[in-house]
Amino acid sequence: MPNLHTFLLFLSAALVVALTPGPGIFYIVARTLAGGRSEGLASSVGLGLGGLVHVFAGAVGLSALMMASAEAFTALKIAGAFYLIWLGIKTWREAWGAEPTEVTTTGSRRAFREGIIVEALNPKTAAFFLAFVPQFVDPAGDVAAQFVVLGLISVTLNTSVDLIVTFWAAKARHRLAHRPSLVTRMRQASGAVMCSLGGALLLARRTS
(Lines give C-alpha, C1' and ligand atoms only; values in the text may rest on other atoms or scores of the structure.)
Protein backbone atom coordinates (compact mmCIF):
# COMPACT_ATOMS: atom_id res chain seq x y z
CA MET A 1 0.00 0.00 0.00
CA PRO A 2 1.14 3.62 -0.47
CA ASN A 3 2.54 5.43 2.54
CA LEU A 4 0.18 7.26 4.91
CA HIS A 5 0.80 10.68 3.36
CA THR A 6 0.04 9.44 -0.15
CA PHE A 7 -2.99 7.52 1.07
CA LEU A 8 -4.44 10.60 2.77
CA LEU A 9 -3.86 12.60 -0.41
CA PHE A 10 -5.73 9.92 -2.31
CA LEU A 11 -8.65 9.99 0.12
CA SER A 12 -8.88 13.77 -0.12
CA ALA A 13 -8.74 13.76 -3.92
CA ALA A 14 -11.20 10.86 -4.22
CA LEU A 15 -13.65 12.61 -1.90
CA VAL A 16 -13.48 15.81 -3.95
CA VAL A 17 -14.11 13.80 -7.11
CA ALA A 18 -17.07 12.01 -5.48
CA LEU A 19 -18.62 15.29 -4.33
CA THR A 20 -18.20 16.98 -7.71
CA PRO A 21 -21.50 16.83 -9.66
CA GLY A 22 -21.03 14.75 -12.79
CA PRO A 23 -22.95 12.47 -15.15
CA GLY A 24 -23.37 9.81 -12.47
CA ILE A 25 -25.06 12.17 -10.02
CA PHE A 26 -27.29 13.61 -12.74
CA TYR A 27 -28.26 10.09 -13.77
CA ILE A 28 -29.15 9.18 -10.17
CA VAL A 29 -31.25 12.33 -9.79
CA ALA A 30 -33.05 11.57 -13.04
CA ARG A 31 -33.82 7.98 -12.03
CA THR A 32 -34.99 9.04 -8.56
CA LEU A 33 -37.28 11.76 -9.87
CA ALA A 34 -38.65 9.33 -12.43
CA GLY A 35 -39.16 6.28 -10.22
CA GLY A 36 -38.81 7.30 -6.60
CA ARG A 37 -36.35 6.50 -3.83
CA SER A 38 -36.27 2.73 -4.33
CA GLU A 39 -35.26 3.06 -7.98
CA GLY A 40 -32.73 5.74 -7.10
CA LEU A 41 -31.12 3.53 -4.45
CA ALA A 42 -31.09 0.55 -6.82
CA SER A 43 -29.53 2.68 -9.55
CA SER A 44 -26.87 3.95 -7.14
CA VAL A 45 -25.84 0.44 -6.15
CA GLY A 46 -25.96 -0.62 -9.79
CA LEU A 47 -23.64 2.20 -10.81
CA GLY A 48 -21.28 1.17 -8.01
CA LEU A 49 -21.12 -2.42 -9.24
CA GLY A 50 -20.66 -1.17 -12.80
CA GLY A 51 -17.72 0.90 -11.56
CA LEU A 52 -16.19 -2.22 -10.00
CA VAL A 53 -16.13 -3.77 -13.46
CA HIS A 54 -13.67 -1.07 -14.52
CA VAL A 55 -11.66 -1.39 -11.30
CA PHE A 56 -10.99 -5.09 -11.77
CA ALA A 57 -10.57 -4.71 -15.52
CA GLY A 58 -8.01 -1.98 -14.92
CA ALA A 59 -6.18 -4.14 -12.39
CA VAL A 60 -5.64 -6.89 -14.94
CA GLY A 61 -4.88 -4.49 -17.76
CA LEU A 62 -8.07 -4.89 -19.79
CA SER A 63 -9.04 -1.24 -19.46
CA ALA A 64 -5.56 -0.15 -20.54
CA LEU A 65 -5.83 -2.33 -23.63
CA MET A 66 -9.30 -0.95 -24.36
CA MET A 67 -8.15 2.65 -23.99
CA ALA A 68 -5.20 1.97 -26.30
CA SER A 69 -7.55 0.77 -29.03
CA ALA A 70 -9.58 3.44 -30.81
CA GLU A 71 -11.90 0.77 -32.22
CA ALA A 72 -12.62 -0.79 -28.80
CA PHE A 73 -13.16 2.61 -27.20
CA THR A 74 -15.53 3.69 -29.96
CA ALA A 75 -17.54 0.46 -29.82
CA LEU A 76 -17.97 0.67 -26.05
CA LYS A 77 -18.77 4.38 -26.23
CA ILE A 78 -21.47 3.89 -28.87
CA ALA A 79 -23.03 0.98 -26.97
CA GLY A 80 -23.16 2.94 -23.71
CA ALA A 81 -24.41 6.13 -25.36
CA PHE A 82 -27.24 4.47 -27.25
CA TYR A 83 -28.24 2.47 -24.20
CA LEU A 84 -28.61 5.70 -22.21
CA ILE A 85 -30.50 7.36 -25.05
CA TRP A 86 -32.80 4.34 -25.29
CA LEU A 87 -33.51 4.53 -21.54
CA GLY A 88 -34.23 8.25 -21.87
CA ILE A 89 -36.65 7.81 -24.76
CA LYS A 90 -38.35 4.93 -22.94
CA THR A 91 -38.76 7.00 -19.77
CA TRP A 92 -40.13 9.95 -21.77
CA ARG A 93 -42.61 7.80 -23.72
CA GLU A 94 -43.87 6.00 -20.60
CA ALA A 95 -44.53 9.32 -18.88
CA TRP A 96 -46.08 10.88 -21.99
CA GLY A 97 -48.39 7.98 -22.72
CA ALA A 98 -49.93 7.71 -19.25
CA GLU A 99 -52.39 9.84 -17.37
CA PRO A 100 -50.74 11.80 -14.54
CA THR A 101 -52.31 9.54 -11.92
CA GLU A 102 -51.31 6.39 -13.80
CA VAL A 103 -47.57 7.00 -14.02
CA THR A 104 -45.79 3.82 -12.93
CA THR A 105 -42.20 3.09 -12.01
CA THR A 106 -39.91 0.66 -13.80
CA GLY A 107 -39.04 -1.31 -10.66
CA SER A 108 -35.93 -1.52 -8.51
CA ARG A 109 -34.60 -4.69 -10.11
CA ARG A 110 -34.60 -3.20 -13.58
CA ALA A 111 -33.15 0.06 -12.29
CA PHE A 112 -30.38 -1.96 -10.63
CA ARG A 113 -29.57 -3.87 -13.81
CA GLU A 114 -29.66 -0.75 -15.94
CA GLY A 115 -27.34 1.05 -13.51
CA ILE A 116 -24.75 -1.72 -13.88
CA ILE A 117 -24.98 -1.69 -17.67
CA VAL A 118 -24.83 2.10 -17.94
CA GLU A 119 -21.63 2.30 -15.88
CA ALA A 120 -19.99 -0.83 -17.26
CA LEU A 121 -20.44 0.50 -20.81
CA ASN A 122 -18.98 3.91 -19.96
CA PRO A 123 -15.40 4.13 -21.29
CA LYS A 124 -14.91 7.46 -19.50
CA THR A 125 -15.09 5.59 -16.21
CA ALA A 126 -12.29 3.30 -17.38
CA ALA A 127 -10.29 6.34 -18.45
CA PHE A 128 -10.83 7.97 -15.06
CA PHE A 129 -9.56 4.99 -13.07
CA LEU A 130 -6.55 4.57 -15.35
CA ALA A 131 -5.66 8.26 -15.05
CA PHE A 132 -6.48 8.82 -11.38
CA VAL A 133 -5.64 5.73 -9.33
CA PRO A 134 -2.09 5.01 -10.64
CA GLN A 135 -0.92 8.40 -9.34
CA PHE A 136 -1.21 7.01 -5.79
CA VAL A 137 0.14 3.51 -6.40
CA ASP A 138 3.54 2.54 -5.03
CA PRO A 139 5.40 0.93 -7.98
CA ALA A 140 7.58 -1.01 -5.54
CA GLY A 141 4.55 -2.91 -4.20
CA ASP A 142 1.84 -5.10 -5.69
CA VAL A 143 0.48 -2.70 -8.29
CA ALA A 144 -2.64 -4.74 -9.14
CA ALA A 145 -3.63 -5.18 -5.49
CA GLN A 146 -3.14 -1.48 -4.77
CA PHE A 147 -5.20 -0.56 -7.85
CA VAL A 148 -8.07 -2.76 -6.65
CA VAL A 149 -8.00 -1.43 -3.06
CA LEU A 150 -7.84 2.22 -4.10
CA GLY A 151 -10.45 1.63 -6.80
CA LEU A 152 -12.78 0.02 -4.26
CA ILE A 153 -12.39 3.02 -1.97
CA SER A 154 -13.12 5.41 -4.82
CA VAL A 155 -16.23 3.47 -5.87
CA THR A 156 -17.42 3.33 -2.24
CA LEU A 157 -17.10 7.11 -1.88
CA ASN A 158 -18.90 7.71 -5.18
CA THR A 159 -21.71 5.33 -4.25
CA SER A 160 -22.08 6.90 -0.80
CA VAL A 161 -22.54 10.32 -2.35
CA ASP A 162 -25.00 8.88 -4.87
CA LEU A 163 -27.06 7.38 -2.03
CA ILE A 164 -27.18 10.73 -0.23
CA VAL A 165 -28.22 12.47 -3.45
CA THR A 166 -30.94 9.84 -3.89
CA PHE A 167 -32.50 10.70 -0.52
CA TRP A 168 -32.44 14.42 -1.33
CA ALA A 169 -34.03 13.87 -4.74
CA ALA A 170 -36.62 11.50 -3.21
CA LYS A 171 -37.61 14.14 -0.67
CA ALA A 172 -38.10 16.67 -3.44
CA ARG A 173 -40.21 14.18 -5.37
CA HIS A 174 -42.29 13.30 -2.29
CA ARG A 175 -43.15 16.94 -1.68
CA LEU A 176 -44.53 17.17 -5.19
CA ALA A 177 -46.38 13.84 -5.07
CA HIS A 178 -49.72 15.58 -4.58
CA ARG A 179 -49.25 17.15 -8.01
CA PRO A 180 -49.25 14.11 -10.32
CA SER A 181 -49.06 16.19 -13.48
CA LEU A 182 -45.80 17.67 -12.22
CA VAL A 183 -44.48 14.17 -11.49
CA THR A 184 -45.19 13.31 -15.11
CA ARG A 185 -43.23 16.37 -16.24
CA MET A 186 -40.36 15.34 -13.96
CA ARG A 187 -40.33 11.91 -15.59
CA GLN A 188 -40.22 13.57 -18.98
CA ALA A 189 -37.36 15.80 -17.80
CA SER A 190 -35.58 12.72 -16.46
CA GLY A 191 -35.85 11.08 -19.86
CA ALA A 192 -34.42 14.20 -21.48
CA VAL A 193 -31.50 14.20 -19.01
CA MET A 194 -30.68 10.57 -19.83
CA CYS A 195 -30.75 11.35 -23.56
CA SER A 196 -28.45 14.31 -22.97
CA LEU A 197 -26.01 12.16 -20.98
CA GLY A 198 -26.04 9.62 -23.79
CA GLY A 199 -25.35 12.36 -26.33
CA ALA A 200 -22.45 13.66 -24.21
CA LEU A 201 -20.98 10.16 -24.00
CA LEU A 202 -21.35 9.75 -27.74
CA LEU A 203 -19.19 12.85 -28.22
CA ALA A 204 -16.52 11.69 -25.74
CA ARG A 205 -13.02 11.42 -27.16
CA ARG A 206 -10.41 8.84 -26.33
CA THR A 207 -7.60 10.25 -24.21
CA SER A 208 -4.12 9.75 -25.54
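Quick caveat: nothing in here was measured; it's all calculated off a predicted structure.

*Asks:* Before we go on, may I ask you to explain the side chain of glutamine 146 in this structure?
*Replies:* If you trace the backbone, glutamine 146 turns up in helix 8 (residues 143–175). Reaching out from glutamine 146, the side chain makes a polar contact with the backbone nitrogen of aspartate 138 at a distance of 2.8 Å.

*Asks:* I'm lost on the nonpolar core in this one. Help?
*Replies:* Among soluble globular proteins, nonpolar side chains are generally buried collectively. Grouped together as the largest cluster of nonpolar side chains are twelve residues: Phe10, Ala14, Leu52, Val55, Phe129, Phe132, Val133, Phe136, Val137, Phe147, Leu150 and Val155. Of all the secondary structure elements, the ones that give two or more residues to this core are helix 1 (4–19), helix 3 (37–59), helix 7 (123–132) and helix 8. Dropping the residues within four chain positions of it, alanine 14 is found in contact with Phe132 and Leu157. Tyr27, Leu47, Leu84 and Leu87 belong to the second-largest nonpolar core, a separate cluster that totals ten residues.

*Asks:* I tried to follow the side chain of threonine 166 on my own but got confused; where do I start?
*Replies:* On the secondary structure map, threonine 166 appears in helix 8. Not counting residues within four places of it along the chain, the set of residues in contact with threonine 166 comprises Ile28, Thr32, Arg37, Gly40, Leu41 and Ser44.

*Asks:* I would appreciate a short explanation of the packing of helix 3 against helix 6 (residues 108–120) in the present structure.
*Replies:* Each pair of packed helices can be summarised by the angle the axes make with each other and by the distance between the axes. Look at helix 3 against helix 6: their axes get within 7 Å of each other, and the N-to-C directions meet at 30°. It follows from the interaxial angle that helix 3 and helix 6 lie roughly parallel. The element helix 3 and its partner helix 6 pack so that their crossing is right-handed. Contacts between helix 3 and helix 6 involve Ser38, Glu39, Ala42, Ser43, Val45, Gly46, Leu47, Leu49, Gly50, Gly51, Val53 and His54 on the former and, on the latter, Ser108, Ala111, Phe112, Gly115, Ile116, Val118, Glu119 and Ala120. Here the residues of the contact of helix 3 with helix 6 are counted per class, giving ten nonpolar, eight polar and two charged.

What counts, and at which threshold
- Residues numbered from 1 in each chain as written.
- Predicted model: local features only at pLDDT ≥ 70, side-chain atom pairs only at ≥ 80, totals over all residues.
- Heavy atoms only, no water.
- Helix = DSSP H or I, 4+ residues; strand = E, 2+ residues; numbered from the N terminus.
- Polar contact = N/O pair within 3.5 Å; in protein donor to acceptor, adjacent residues only side chain to side chain.
- Core = buried A, V, L, I, M, F, W, Y, C linked by side-chain atoms within 4.5 Å.
- Buried < 20%, exposed > 50% of the residue type's maximum accessible area, 1.4 Å probe, protein only.
- Contact = heavy atoms within 4.5 Å.
- Axes fitted to C-alpha atoms, helices over the stretch in contact; angles between N-to-C directions.
- Parallel < 35°, antiparallel > 145°, perpendicular 65-115°, else oblique.
- Left-handed = near helix turned anticlockwise from the far one by under 90°.
- Nonpolar A, V, L, I, M, F, W, Y, C, P; charged D, E, K, R; others polar.

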